[in-house]
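Here is what each chain is made of, one letter per residue.
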Amino acid sequence: MKELEDFLTGRVWLKEFTPFPQSEIDQAILQGFVTRIPGITDKQECSRCLEKSVNLTSFYCEKCEGDCLYCRHCLKMGRISSCTELITWTAPSPRPLKTHSFQWSGHLTPSQNLASQQVIESLQINRSHLIYAVCGAGKTEVLFAPLYEALKTGKRICIAAPRTDVVLELSPRIRAIFTDTVIHTLYGGSPAEAGFAEIVIATTHQLYRFQNAFDLMIVDEADAFPYSMDPALKRAVMKAKKHDAPVIYVSATPSVQLIKGTPGRSEIFRRYHGQPLPVPRFDSLWNYKKRLRKNSIPKKLETWIRLRLSRREPFLLFLPTIELIEESIPLFKQLDAAIEAVHSKDPNRKEKVMGLRQGIVPGLVTSTILERGITVPNVQVAVIGADEEIFDAAALIQISGRSGEGHRTFQMGMLSFSIMELLGKWIEPKIR
Amino acid sequence: MQASWRSLFMNDLDEAVCAKCKAEFESITGNTCLYCDASGEGVCADCMYWEQTEYAGLIAKGRCLYRYNEGMQSYFHQYKFLQDVILSEVFAKEMNHALAKVDAVIVPIPMNPKKLKERTFAQVDSLLESARLPFHHFLIKNEDVQGTKSKMERMASSPLFHWNGETVPKKIILVDDLYTTGTTMRHAAKVLKDAGADEIELFCLIRG
Ligand SMILES: [Zn+2]
Ligand SMILES: [Zn+2]
Ligand SMILES: [Zn+2]
């Protein structure tokens, strides 16, 4: 029963699909330890992801012997319909305070340290806080001390990030510091982990499976896709935390709403290793789409790539569409056969990125989807078609944050046209 | 990140699948087996085997629409196992095109009634309904017999279906979602033939 309690505390789970025998669950329900929740509420909302009735799909159900609603939004976690039930632990028993260790010997820059202290102050008065920091400013390190403070007072913490690769990058760093803490890492297809997690590191999607669970919620890259796009994920953050639990948002490009709506705020505008964010160099690249489709690389771009190859500098080449990448990758491979294309659906994505880190792959051709996951020392970046919608200001700043780490040089640019418009895109968020 | 079928539909559930996703499905063309549309010249090895058993001569011919490639696998997984009922619409046009003018009564492969209640919908019936094709059931699926025998042995020894007692038409086209070993279809055809059918054809959405 202890294991069931650990599993179901703060969680909502499809009754038929838990890792526990049905008989044990039935008994816990009978004893009142476990509460059943209808899959679709009276108000015709999905109980797990809170999707509203207009977006639910109705069909003739053989189990209901009539109309039944199901939710397509969170379908991949097992279908929720009018005839399914979710379960949760009714009244979690208070957990005794335990000692956590804090194995971190790094030190913070003055601006990091100030931000860290400001976050701790916000937490002491239960106030939400925004860490507004450029890429490479060492946002994660700023969180370490506040995390430790929260653990010491027995708080259950969730760190949510928009995508799996961000979660996978974050998780080992947190685990290495809090060695006595039970930490679960959750993403689509993650292996099951035992015990009651004091820290949950999860993709935002996984938050659907929590309810009233966390005393502290940290939302990393709060600006990032898909969090900013999907109101359901915002609702998931609110649902997963306890009603009065504060949220710490971490963002390099927060929206005006987020800035205005969050009472506490810290800003870090210097890069962690003391270098300012690289300033992009703009260049024109006329008719690049036509040229690439006609099987030739524009001269300027070819020169840029050849320079990277001769200097053995790893590079990322961003193109605006997957189609264009697929069409042009044979051309790039003519310059060096080891150059690879990589996109979000690529099963070999991890290997290719590792290859870039290790110098086996000289360069990757990609679209915007990857830019947040990669940290490669001295990587050189070119954004082709930076005027395209897909490279919005947030994406461009993120991309520039990836370039030139650990090295003073960087390259950026290779635009097609409308430079003025583009400068607007760059400058606006910096002024704000 | 996998292709999301949700994004294909957005709010307009009547819309067909987007061209890009549809391009991932592979239609069956070229030389294929007379009975089951396996690739290759003449009758395939599996069907050759069936034609030497008590199930010989039951089937006039057979047809499948798509190969079971990666795109189809993810479609089928989402439709059948994640129970995304609305995906029955995806092949409505193609199914209708293939079967609307067929001069035979469409008989879907049924689900066991108990299992149907559990799974909430019958995949094959839903495909046909979405394609606006009339159909009629003459078969009842027997409950899976649990025991020490392997699944293959069980299927070989005990019948998978029985007749529901209604008068069976002379010309029948049996419809299923996925054709793999042919066991289901051969068993179904035998029951129908014994109940009075003359000519039986097979149709499957996917050839596994
Ligand atoms: Zn849902
Ligand atoms: Zn139902
Ligand atoms: Zn065959």
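Being a predicted model, the structure only gives us computed values, none of them experimental.

**What about the overall build of chain B?**
Then step 1. A tally of helices and strands in chain B yields nine helices and six strands.
Then step 2. The proportion of buried residues among the 208 residues of chain B is 48%.
Then step 3. In chain B, of all internal contacts separated by at least 6 residues, the share reaching a separation of at least 24 is 75%.
Then step 4. By element, 52% of the accessible surface of chain B is carried by carbon and sulfur atoms, the whole surface being about 10,800 Å².

**Re unusual backbone geometry**
Then step 1. Of note in this structure, B:Thr120 is not a glycine but carries a positive phi near 70°.
Then step 2. Its location among the elements puts B:Thr120 in the loop between helix H6 (113-119) and helix H7 (123-130).

**Some remarks on the sheet that holds strand E1 (residues 59-67) of chain B**
All names here are of chain B.
Then step 1. Spatially, the four strands line up as an open sheet ordered E1-E6-E5-E2, and their pairing is parallel. Pairing within the sheet leaves two strands with one partner each, and these edge strands are E1 and strand E2 (105-108). Here the strands of the sheet are splayed against their neighbours by 25° on average, with no regard to which way each runs.
Then step 2. Alignment of E1 against strand E6 (residues 199-207), held across seven bridges, turns out to be parallel. Of the residues in E6, the one forming a bridge with Gly62 is Leu202.
Then step 3. Here helix H5 (residues 92-99) sits on the sheet and contacts E1, E2, strand E5 (171-179) and E6; the angle it forms with E1, its principal contact strand, is near 160°.
Then step 4. With respect to the sheet, helix H9 (residues 183-194) is in contact with E1, E2, E5 and E6, its orientation differing from that of E5 by roughly 160°.

**A short note on the coordination of the zinc ion (ligand 3)**
As a benchmark, a tetrahedral metal site with four donors has ideal angles of 109.5 degrees, while an octahedral site with six donors has ideal angles of 90 or 180 degrees.
All names here are of chain B.
Then step 1. Of the protein atoms, only Cys33 (SG), Cys36 (SG), Cys44 (SG) and Cys47 (SG) coordinate the zinc ion (ligand 3), at distances of 2.2 to 2.4 Å.
Then step 2. Classification of the site at the zinc ion (ligand 3) rests on its four donor atoms, whose angles at the metal span 102 to 114°, yielding the label tetrahedral.
Then step 3. One chain supplies every donor for the zinc ion (ligand 3), spaced along it as C-x2-C-x7-C-x2-C. The pair Cys33 / Cys36 is uniform in exposure class, with both members buried.

**Brief notes about the environment of B:Trp50**
All names here are of chain B.
Then step 1. Along the chain, the position of Trp50 falls in helix H3 (residues 45-50).
Then step 2. Residue Trp50 is classed as buried on the basis of its relative accessible area, which comes to 9%.
Then step 3. Separated by 133 residues in the primary sequence, Trp50 and Thr183 place their C-alpha atoms 8.9 Å from one another.
Then step 4. Of the polar contacts made by the side chain of Trp50, one reaches the backbone oxygen of Thr181; its length is 3.2 Å.

**Observations regarding the packing of aromatic side chains**
All names here are of chain A.
Then step 1. Here the structure, examined in full by the defined rule, presents 21 aromatic pairs over all chains.
Then step 2. A centroid spacing of 5.6 Å and a plane angle of 85° characterise the contact between Phe59 and Tyr70, whose relative ring orientation is edge-to-face. Residue Phe59 is found in strand E3 (residues 56-61), and its partner Tyr70 is found in strand E4 (residues 66-71); the two are separated by 11 residues along the sequence. When sorted by exposure, Phe59 lands in the same class as Tyr70, which is buried.

**Focus: the nonpolar core**
Then step 1. Core analysis: the biggest nonpolar cluster contains 38 residues, and A:Leu207, A:Tyr208, A:Phe214 and A:Met217 have the highest contact counts within it.
Then step 2. Sorting the residues of this core by element identifies E4, strand E6 (129-133), strand E7 (157-161), strand E9 (199-203), strand E10 (216-219), helix H6 (231-240), strand E11 (247-251) and helix H7 (256-261) of chain A as the ones contributing at least two each.
Then step 3. Counting residues per element, this core draws most heavily on H6(A), which supplies five residues.
Then step 4. In contact with A:Phe214, other than residues within four places in its own chain, are A:Arg156, A:Ile157, A:Cys158, A:Val200, A:Ala240, A:Lys241, A:Lys242 and A:Ala245.
Then step 5. Membership of the second largest hydrophobic core comes to 35 residues, among which are A:Phe59, B:Phe25, B:Ile86 and B:Leu128.

**Looking at the pattern of salt bridges**
Residue and element names in this part refer to chain A.
Then step 1. Tallying each qualifying case throughout the model produces 27 salt bridges over all chains.
Then step 2. Here Glu302 ties to Lys299 by a salt bridge, and the two come within 4.0 Å at their closest N and O atoms. Of this pair, Glu302 and Lys299 are both found in helix H9 (residues 299-311), three residues apart, which corresponds to roughly one turn of the helix.
Then step 3. Overall, the relative accessible area of 58% leaves Lys299 in the exposed class.
Then step 4. As a salt-bridge pair, Lys333 and Glu340 come within 3.9 Å of each other at their nearest N and O atoms.
Then step 5. For Lys333, a relative accessible area of 31% puts it in the partly exposed group.

**Some remarks on the coordination of the zinc ion (ligand 1)**
All names here are of chain A.
Then step 1. Summarising the metal site, the zinc ion (ligand 1) is bound by the protein donors Cys46 (SG), Cys49 (SG), Cys71 (SG) and Cys74 (SG), whose distances to it range over 2.2 to 2.4 Å.
Then step 2. Bound by four donor atoms, the zinc ion (ligand 1) shows angles of 98 to 114° at the metal and therefore tetrahedral coordination geometry.
Then step 3. Residue classification places Cys74 among the buried residues on the basis of a relative accessible area of 2%.

**Describing the sheet that holds E6(A)**
Residue and element names in this part refer to chain A.
Then step 1. Across the sheet, seven strands lie side by side as E8-E9-E7-E10-E11-E6-E12; this open sheet has parallel pairing. Each edge of the sheet is formed by a strand with only one pairing partner; in this case those strands are strand E8 (183-186) and strand E12 (264-268). On average, each strand axis in the sheet is tilted by 15° relative to the strand beside it, whichever way the strands run.
Then step 2. Pairing between E6 and E11: four bridges, direction parallel.

**So, the confidence of the model for chain A**
Then step 1. Per-residue confidence for chain A averages 83 on the pLDDT scale, and 81% of its residues sit at or above 70.
Then step 2. In this model residues 403-432 of chain A is a low-confidence stretch, pLDDT under 50, and it forms 99 contacts with partners more than four residues away in sequence or in other chains.

**Considerations on empty space enclosed by the protein**
Residues and elements named next belong to chain A.
Then step 1. Counted according to the given criterion, the structure contains one cavity of 30 Å³ or more.
Then step 2. Taken together, Thr140, Leu143, Phe144, Ile159, Leu170, Ile174 and Asp220 make up the full set of residues lining the largest cavity.
Then step 3. When contributions to the lining of the largest cavity are tallied by element, the ones reaching two or more residues are helix H4 (139-152) and helix H5 (164-177).
Then step 4. Top contributing element to the lining of the largest cavity by residue count: H4, with three residues.
Then step 5. Among the residues making up the lining of the largest cavity, the classes are represented as five nonpolar, one polar and one charged.

Calculation criteria
- Residues numbered from 1 in each chain as written.
- Chains lettered and ligands numbered in written order.
- Predicted model: local features only at pLDDT ≥ 70, side-chain atom pairs only at ≥ 80, totals over all residues.
- Heavy atoms only, no water.
- Helix = DSSP H or I, 4+ residues; strand = E, 2+ residues; numbered from the N terminus.
- Buried < 20%, exposed > 50% of the residue type's maximum accessible area, 1.4 Å probe, protein only.
- Contact = heavy atoms within 4.5 Å.
- Areas by Shrake-Rupley, 256 points an atom, 1.4 Å probe, with all protein chains shown as cover.
- Pairing = 2+ DSSP bridges.
- Axes fitted to C-alpha atoms, helices over the stretch in contact; angles between N-to-C directions.
- Donors = N, O, S within 2.8 Å, 3.2 Å for Na, K, Ca; no water.
- Tetrahedral: all angles 85-135°; square planar, octahedral: opposite > 155°, others 65-115°.
- Polar contact = N/O pair within 3.5 Å; in protein donor to acceptor, adjacent residues only side chain to side chain.
- Phe/Tyr/Trp six-rings, centres within 6.5 Å; stacked < 30°, edge-to-face > 60°.
- Core = buried A, V, L, I, M, F, W, Y, C linked by side-chain atoms within 4.5 Å.
- Salt bridge = Lys/Arg side-chain N within 4 Å of Asp/Glu carboxyl O.
- pLDDT = per-residue confidence, 0-100.
- 1 Å grid on protein atoms, 1.4 Å probe; cavity = no way out; pocket = protein on both sides within 12 Å on 5 of 7 lines; lining within 4 Å.
- Points joined across faces, edges and corners; volume = space filled by probe spheres on them.
- Nonpolar A, V, L, I, M, F, W, Y, C, P; charged D, E, K, R; others polar.

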